Amino acid sequence: MNAPDTFAPAPVATRASQLRDMLRSPQLEFLMEAHNGLSARIVREAGFKGIWASGLAISAQFGVRDNNEASWTQVVDNLEFMADASQLPILLDGDTGYGNFNNMRRLVRKLEQRGVAGVCIEDKVFPKTNSFIGGERQPLAEIDEFCGKIKAGKDSQADDDFSIVARVEALIAGWGMEEALRRAEAYRQAGADAILIHSKLSRADEIVQFAREWDRRCPLVIVPTKYYSTPTDVFRDAGISVAIWANHLIRSATSAMQAVAAEIHRSETLVNVEDRIATVDEIFRLQDTAEYSEAEDRYLSAANAPRSAIVLAASRGKNLESVTTDRPKVMLPVAGKPLLRWLVDGFKKQNVNDITVVGGYRADAIDTAGITLAINERHAETGELASLARVANAFAHDTVVSYGDLLFRSYIVRDLVESEADFTVAVDSTAATTANAANASVRDFAYCSAGDDRGLFGQRVLLETISANAAHFGRAPNGRWIGLLGVRGDDARARLLRVFAALQARADFDRLGMPDLINALAADGASIEVQYVHGHWRGVNDMDEFRHAADFAHGQTPLGGAATETPHD
């Protein structure tokens, strides 16, 4: 019985083999200059098949001259970013190889380690100067010495497809066509994979003559910077293998930056340039920010996963009218900064960075630094759930819902976000929270499956209900909900939104508050875990609490001191 046919997958072309294919292609191919990771990605998106890592451009983006002022190690480090950003084959403009044959050997090994496909070296003396700066006065390397450098590079490469291109500077230096051809042939015999013939004339006559006499002995590369007006078909007809557009991205970027900088300096405003330049979102796209966000979802542990907070802060503040004429309660100053800033800082300390605040009364006075602001326009006649309805789409990640007038020790939010339960509420179990049940302003009494005995750590306690009645079950409550609800996981978010939608269908929805949502979740069968606290928080509901809030913020009240009235939206 014959064995079944097996088919091995086609090998993936390496970047070195891609460059070699371009050099050997029967068609004219093109390399585009790039000088950093961003420009390399732009070259790829434009459709080019390969990159010319220009020595002039890389030096310029470093802010130094093109005469080996940037070290080869700095250049190689820069190339690594370009290779990673583009995944294209890169031919490095390697100047003279940055030294003698030994430098060349080390350069080739390091380029291969960085995924660079090839290097072009020129037959001048190290350190070199750009060919268009006094080219005729620049000395050329001895042919034998340069051939030794080519051989050293070829002997050092680990990948047979890595390419070494020998750049002939004889025409630039005024040595004539015969010398150019003599050098090119010597370099070919030394092992060069291609010859780059360079010219500073504004016409392509020298290049065409060289190509005709060269007669395709090996691939020929050109850089039409000076003779840019020559029709490209002339290069095709001459048998050129690769044309390099050598410095046009760095030059165009320079023109744009000069114009924008001058305009901003002149006008002292951004309004004249903002619509004429790339958006910040476009920069994010080129940086592949979307891929990072996807990777976050795949790889980050739960402790580092994205977290969000929703702060309900639409009210002016009953009993605070004398200090909220021009601002909402959430912007009252406490110990040198607004109450909202204490909340935002407390959340960010626990890696809760995506914070949405629902404002209402004097929302125009809310400082939006570090937050997203939504507005409940009907705040005067609606309750907390009407505010929450404005941002139901904010439940994209694990989320904490908070009243807007809270001060708390940071561990309370830490324990809330680290809880593995679908839903978690913070309940204050201090005796003072239930001692004055006759006070009509006290609400949100929490009835739980067990009390807080302060000793049984790890005991799972579930919330049964939140009630304004201190004797709801004919027994004392186990504490008071302080105004923090944690929601964790996709299933919990889906359940919350489903239960919330059912509440929205009720005729009395506009009067409902957060306790109604929590009770509805419990009635739906959700397990709502209780995190007991023993003081360590304060609400700001009246002038007395406002006056004492600074003491709490400064940490001057005893740890475990009793909370005052329950905060609410």
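Rules used in this analysis
- Residues numbered from 1 in each chain as written.
- Predicted model: local features only at pLDDT ≥ 70, side-chain atom pairs only at ≥ 80, totals over all residues.
- Heavy atoms only, no water.
- Helix = DSSP H or I, 4+ residues; strand = E, 2+ residues; numbered from the N terminus.
- Buried < 20%, exposed > 50% of the residue type's maximum accessible area, 1.4 Å probe, protein only.
- Contact = heavy atoms within 4.5 Å.
- Areas by Shrake-Rupley, 256 points an atom, 1.4 Å probe, with all protein chains shown as cover.
- 1 Å grid on protein atoms, 1.4 Å probe; cavity = no way out; pocket = protein on both sides within 12 Å on 5 of 7 lines; lining within 4 Å.
- Points joined across faces, edges and corners; volume = space filled by probe spheres on them.
- Nonpolar A, V, L, I, M, F, W, Y, C, P; charged D, E, K, R; others polar.
- Expected span 1.5 Å × (residues − 1).
- Arc of directions from axis to C-beta.
- Polar contact = N/O pair within 3.5 Å; in protein donor to acceptor, adjacent residues only side chain to side chain.
- Salt bridge = Lys/Arg side-chain N within 4 Å of Asp/Glu carboxyl O.
- Axes fitted to C-alpha atoms, helices over the stretch in contact; angles between N-to-C directions.
- Left-handed = near helix turned anticlockwise from the far one by under 90°.
- Pairing = 2+ DSSP bridges.
- Right-handed = clockwise from strand over helix to strand, strands pointing away.

In the nomenclature of an unreviewed UniProt entry, the chain is known as phosphoenolpyruvate mutase of Pandoraea cepalis.

Is there a simple way to explain the overall build of the chain in this structure?
Of regular secondary structure, the chain possesses 19 helices and 21 strands. Residues classed as buried in the chain amount to 50% of the 569 residues present. Partitioning the contacts of the chain with sequence separation of at least 6, the portion at a separation of at least 24 is 74%. Accessible surface for the chain amounts to roughly 26,800 Å². Of this, 50% is attributable to carbon and sulfur atoms.

Help me understand empty space enclosed by the protein, please; the structure alone is not making it clear to me.
Where empty space is left in the structure can be found by rolling a water-sized probe over the atoms. Evaluated as defined, the whole model comprises 4 cavities of 30 Å³ or more. Considering only enclosed or pocket space, the largest cavity measures out at about 90 Å³ in volume. In terms of lining residues, the largest cavity is bounded by 13 residues, among which Asp398, Leu416, Val417, Val487 and Arg488 are the most central. Contributing elements (two or more residues each) for the lining of the largest cavity: β14 (398-403), α15 (410-418) and β19 (479-487). At 3 residues, β14 tops the list of elements feeding residues into the lining of the largest cavity. Grouping the amino acids of the lining of the largest cavity by side-chain chemistry returns 5 nonpolar, 4 polar and 4 charged.

How do you make sense of helix α6 (residues 143-156) when you look at a structure like this?
One turn of the α-helix equals 3.6 residues, which is why residues spaced by three or four share an orientation. Taking 1.5 Å as the rise per residue, α6 with 14 residues should run 20 Å; its terminal C-alpha atoms sit 20 Å apart, in good agreement. Within the span of α6, buried status applies to Ile143, Phe146, Cys147, Lys149, Ile150, Ala152, Gly153, Lys154 and Ser156. Buried positions along α6 lie against α1 (15-24), α5 (101-113), β4 (118-122), β5 (163-168) and α7 (177-189).

Would you mind showing me how to read helix α13 (residues 339-349) here?
Among all positions in α13, only Leu339, Leu340, Leu343, Val344, Gly346 and Phe347 are buried. Axial view of α13: buried residues confined to an arc of 160 degrees, hence all on one face. One or two residues past the end of α13 sits asparagine 351, with phi positive at roughly 65 degrees.

Can you walk me through the environment of glutamine 27 in this structure?
Along the chain, the position of glutamine 27 falls in the loop between α1 and β1 (29-34). As for glutamine 27 and glycine 239, which are separated by 212 residues in sequence, their C-alpha atoms are 8.4 Å apart.

Help me out: how do you make sense of the environment of glutamate 33 in this one?
Mapped onto the secondary structure, glutamate 33 falls in strand β1. Taking the C-alpha atoms as reference points, glutamate 33 and isoleucine 90, 57 residues apart in sequence, are found 9.6 Å from one another. The residues touching glutamate 33, leaving out its near neighbours within four places in the chain, are Val43, Trp52, Ser54, Ala57, Trp245, Ala246, Asn247, His248, Leu249 and Ile250. From its side chain, glutamate 33 meets the backbone nitrogen of isoleucine 250 in a polar contact 3.1 Å long.

Quick question: what am I supposed to make of the pattern of salt bridges here?
Where charged atoms from two side chains of opposite charge come close, those side chains can pair. All chains considered together, the criterion is met by 39 salt bridges. For aspartate 193, the salt bridge identified is with arginine 20, shortest N-O distance 3.0 Å. One end of the pair, aspartate 193, is in the loop between α7 and β6 (194-197); the other, arginine 20, is in helix α1, and 173 residues separate them in sequence. Take aspartate 193 and arginine 20: they sit in the same class, and that class is buried. Here arginine 475 makes a salt bridge to glutamate 464, at a shortest N to O gap of 2.8 Å. On the criterion of sequence distance, the pair formed by arginine 475 in the loop between β18 (463-467) and β19 and glutamate 464 in strand β18 is long-range, its members being 11 residues apart. The structure contains a network of salt bridges with shared partners spanning Asp93, Glu122, Lys124, Arg167 and Glu169.

I tried to follow the packing of helix α2 (residues 37-46) against helix α4 (residues 72-86) on my own but got confused; where do I start?
Pairs of packed helices are described in terms of their axes, by the angle between the two and the distance that separates them. Relative orientation of the contacting elements α2 and α4 amounts to 35 degrees, with a least axis distance of 8 Å. At the point where α2 passes α4, the crossing takes the right-handed sense. Residues Gly37, Ala40, Arg41 and Arg44 of α2 touch α4, and the partners they reach there are Phe81, Met82, Asp84, Ala85 and Ser86. Among the residues making up the contact of α2 with α4, the classes are represented as 4 nonpolar, 2 polar and 3 charged.

Before we go on, may I ask you to explain the packing of α6 against α7 in this structure?
Contact geometry for α6 and α7: axes closest at 9 Å, N-to-C directions at 35 degrees. At the point where α6 passes α7, the crossing takes the right-handed sense. Within the contact between the two elements, α6 uses Ile143, Phe146, Cys147 and Ile150 and α7 uses Glu179, Arg182, Arg183, Ala186 and Tyr187. Residues that form the contact of α6 with α7 fall into these classes: 6 nonpolar, no polar and 3 charged.

Teacher, can you tell me more about the environment of alanine 166 here?
Tracing the chain through its elements places alanine 166 in strand β5. A sequence separation of 43 residues divides alanine 166 from aspartate 123, and the C-alpha atoms of the two residues are 7.6 Å apart. Residue contacts for alanine 166: discarding those within four places in its chain leaves Ile121, Phe146, Ile150, Tyr187, Ala192, Ala194, Ile195 and Leu196.

Looking at this model, I keep getting lost on unusual backbone geometry. Mind explaining?
Residues apart from glycine generally show negative phi values, whereas peptide bonds are mostly found in trans. Phi is positive for glutamine 87, which is not a glycine, with a value near 60 degrees. Of note in the backbone geometry, asparagine 351 takes a positive phi value of approximately 65 degrees without being a glycine. Here asparagine 351 is to be found in the loop between α13 and β12 (354-359).

Even after reading the chapter, I still don't get the pairing of strand β8 (residues 242-245), so can you show me in this structure?
In summary, the side chains of a regular strand alternate between the two faces of the sheet. The pairing of β1 with β8 spans 4 bridges and is classified as parallel. Bridging from a neighbouring strand, glutamate 29 pairs with valine 242 of β8. Summarising the sheet, strand β7 (residues 220-222) and β8 pair through 2 bridges and their orientation is parallel. Considered in β8, the bridge of valine 221 is made with valine 242. Handedness of the crossover joining β7 and β8 through helix α9 (residues 232-238): right-handed.

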